[in-house]
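# Coordinates in review
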Amino acid sequence: MSRTRAAIILAAGQGKRMKSKTVKVLHPVGGRPMLDWAVALAGDCGAGDVVTVYGAHSPAVKDAAEALGTRTALQDPPKGTGHAVQAAREALADLGGDAIVLYADTPLITAATVGRVFEALEAGASVAVLGFEPADPAAYGRLITNEAGDLDRIVEFKDANETERAVGLVNSGVLAAPAELLFDLLDEVTNDNANGEYYLTDVVGLARDRGLRAAVVIADGDEVLGVNSRADLAAAEAAFQACMRTQMMADGVTLVAPETVFFAHDTQIARDVVIEPNVVFGPGVVIEEDAVIHAHSHIEGAHVGRGAHAGPFARLRPGAQLGAGSRVGNFVEIKKSQLAEGAKVSHLTYIGDASVGANANIGAGTITCNYDGYDKHRTVIGANAFIGSNTCLVAPVSVGEGAFTATGTIVTSDVPADALCLARTPQSHKSGWAARFHAAKQARKSRKDSQK
C-alpha cells in the first residue's frame, strides 16, 4: 500500500422501509450491527481515517460510530449521496491519499474486494467503482463502459434511457478516488436530475470530461447486498449464513444439517467438531477440537473445550466455560460458570455464577440459587463432588472435594470435603388423610349435582 487511505461511511439514510424504531444501520447481520461491519471493513482495508456520515434524525448512529472509534459528520438536510460525501470534507481536510465511500447498510463486502478497488487506483485509474451483475438489475444505476472496458459514466435508473436500462452491469455505490480529486469533482456536481439530488455517481462523468480514467471492479452479487427493508435484511442474513457454513465445512467442521445451523460473525470452531441440526451460535463462541454440539442447542459468549459435549437442548450463556471432556446434557443452562475437565451436568439443571471441579457430577434438577433479588452470589463445587438430584445450592456456598449432597437437599452452608450433606424435612405420614379428602370432595360434588 503506497498511499494513505481513508473511508467515508454513509449512514444518514432514514430507512423508512424498515418500519422500525431502531435506525436501519444498527440492525444486526450475523449478530453484529451493520454499521459495525462497515467500520470493521474500513479498518481491514487499511483506512487510517474513518468518517461516518449520519443524519439529524439518527443521533444513535453518531453515538455508535464514535464508540467504534470513527469520526462523525452530520448531513442535514439530506440532498443525495454526493452531498453526504461532501459532509465529510472538513474531517478529511488534511488527507493526501485515497478515499473510499462505503455504506453502512451493505454489510457483506469483504476486505479483499475493497482491496481490488484500491488496486485499480494504484494501476492508474483516477476513479474506481465497484459494480456487480445481478440476475435482475431492477432499479440499480447502470455502469456504462467504453470499448476499452473502462467506465464511461454511471446513469441512475430514473434518468436512464431504454438502451442504458438494458445494461446488466450495475453500481454497488462503492467508489474510490484520491481524496483531493474526489472533493474537487464533487464541487462540480449539480442536482439537475429526476430526484433533484447531488449524486456521487456524477463524479465519474466529470472525471471523464477531464480526460481522466475510471475503472470498474466487479464483485460477487451476494457481497454487495444492500439492506433497505426487513426482507433485504433477511436476504443479507441468509447470504452471510451460507458463506459461514461453506467456510466452516471447508475448515474441517462437520455440519450434519448445514442449512439448520446459524453462526455469528465471530464464531470460532476448530476442526473435527461435530455440529448437529438446529444449533444457534450467538456472538463470542469458541469451540475446540473434537467437541460435539448436539441438536437444538443455543450457545452465546461461551468457550467449549476439547472433546466436550453440549446438548441436546442445552443453553450456554455468556461466561460459560466447558473444560476438556466435560458434558452438558439436555435442558441444562450454564451461565457465567466454569466446568473443569470431565465434569458432568447431564440434565434438567441450572448452573449460574459457579465453579464446578474436575470430574464432579451434577444430578438432575440441581439449581444454583445465585440471585437474592439484588446481587449475584457464587457457588463453588469441588473436584469429584457428587451433587444429588434436586439439590438447591443457596449461594454463596461451597461443596468440598469428594463431598456428596443427598437427593432433595437444600444446601445453605459450606459442605466439608468428603462429607455427606443431608438437609431435608423428615418424611411423615397422616394415616387416612387421603381417604377423608376424597370422601369430602365426593360429598361436595354430590350436593352440587342434586341442586341442578
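Before reading further, recall that the structure is shown in the block above.
An account of the accompanying structure is given in this report. (Residues numbered from 1 in each chain as written. Predicted model: local features only at pLDDT ≥ 70, side-chain atom pairs only at ≥ 80, totals over all residues. Heavy atoms only, no water.)

## Section: the overall build of the chain
Our working rule: By the criteria applied, helices consist of DSSP H or I runs no shorter than four residues and strands consist of E runs no shorter than two, each listed in order from the N terminus. Type-normalised accessible area, obtained with a 1.4 Å probe on protein chains alone, sets the label of each residue: buried when under 20%, exposed when over 50%, and partly exposed for intermediate values. For this analysis, residues touch if any pair of their heavy atoms sits within 4.5 Å. Using a 1.4 Å probe, the Shrake-Rupley method yields the accessible areas, and only the shown protein chains count as cover for residues. Lys and Arg are tallied as positive, Asp and Glu as negative. Neither His nor the chain termini are counted. We put the charge of a Lys on NZ, of an Arg on CZ, of an Asp on CG and of a Glu on CD.
Helix and strand counts for the chain come out as nine helices and 35 strands. In the chain, which comprises 452 residues, the share counted as buried stands at 46%. Within the chain, contacts between residues at least 6 apart in sequence are counted, and of these 42% link residues at least 24 apart. Accessible surface, the chain as shown: approximately 21200 Å² in total, 51% of it carbon and sulfur. The positive charge centre, built from 41 side chains, and the negative charge centre, built from 52, are 16 Å apart in the chain.

## Considering the side chain of Ser229
By secondary structure assignment, the location of Ser229 is in the loop between β11 (214–218) and α8 (230–250). Residue classification places Ser229 among the buried positions, given a relative accessible area of 15%. Among residues more than four places away in sequence, those in contact with Ser229 are Arg17 and Met18.

## Some points on the environment of Ile367
Of note, Ile367 is situated in strand β28 (residues 367–369). Look at Ile367 and you get partly exposed, because its relative accessible area is 37%. In this structure the C-alpha to C-alpha distance between Ile367 and Ala56, which are 311 residues apart in sequence, comes to 49 Å. Discounting chain neighbours no more than four positions away, the residues touching Ile367 are Tyr350, Thr391, Cys392 and Leu393.

## Some words on unusual backbone geometry
Negative phi is the rule for most residues except glycine; trans is the rule for most peptide bonds. Cis geometry marks the peptide bond from Asp76 to Pro77, where omega comes out at 0 degrees. For Pro77, the location among the structural elements is in the loop between β5 (71–75) and α3 (81–86). A cis amide bond, omega 0 degrees, links Ala395 with the succeeding residue Pro396. Here Pro396 lies in the loop between β31 (392–394) and β32 (397–399). Of note, the phi angle at Phe331 is positive, near 60 degrees, even though the residue is not glycine.

## Looking at the sheet that holds strand β13 (residues 268–269)
Our working rule: Two strands are counted as paired when DSSP detects at least two bridges linking them.
Strand order across the open sheet formed by eight strands is β13-β16-β19-β22-β24-β26-β29-β32, with parallel pairing between neighbours. Across the chains shown, the open sheet's two edge strands, defined by having one partner strand only, are β13 and β32. In this structure, β13 lies alongside strand β16 (residues 286–287), joined through two bridges in parallel fashion. By the bridge assignment, Gln268 is partnered in β16 with Val286.

## Looking at the pattern of salt bridges
Definition in use: Only one rule defines a salt bridge in this text: a Lys or Arg side-chain nitrogen within 4 Å of an Asp or Glu carboxyl oxygen.
Scanning the model with the defined rule gives 19 salt bridges in all. With a shortest N-O distance of 2.8 Å, Asp105 and Lys24 are connected by a salt bridge. Of the two residues, Asp105 sits in the loop between β6 (98–103) and α4 (111–122) while Lys24 sits in the loop between β1 (5–11) and β2 (28–29), which places them 81 residues apart along the sequence. We note that Asp105, like Lys24, is buried. Asp187 is paired through a salt bridge with Arg89; the nearest N and O atoms lie 2.7 Å apart. With Asp187 in the loop between α6 (179–186) and α7 (202–209) and Arg89 in the loop between α3 and β6, this residue pair connects regions lying 98 residues apart in the sequence. Using a relative accessible area of 46% as the deciding quantity, one classes Asp187 as partly exposed.

Taken by themselves, the reported measurements are silent on function.
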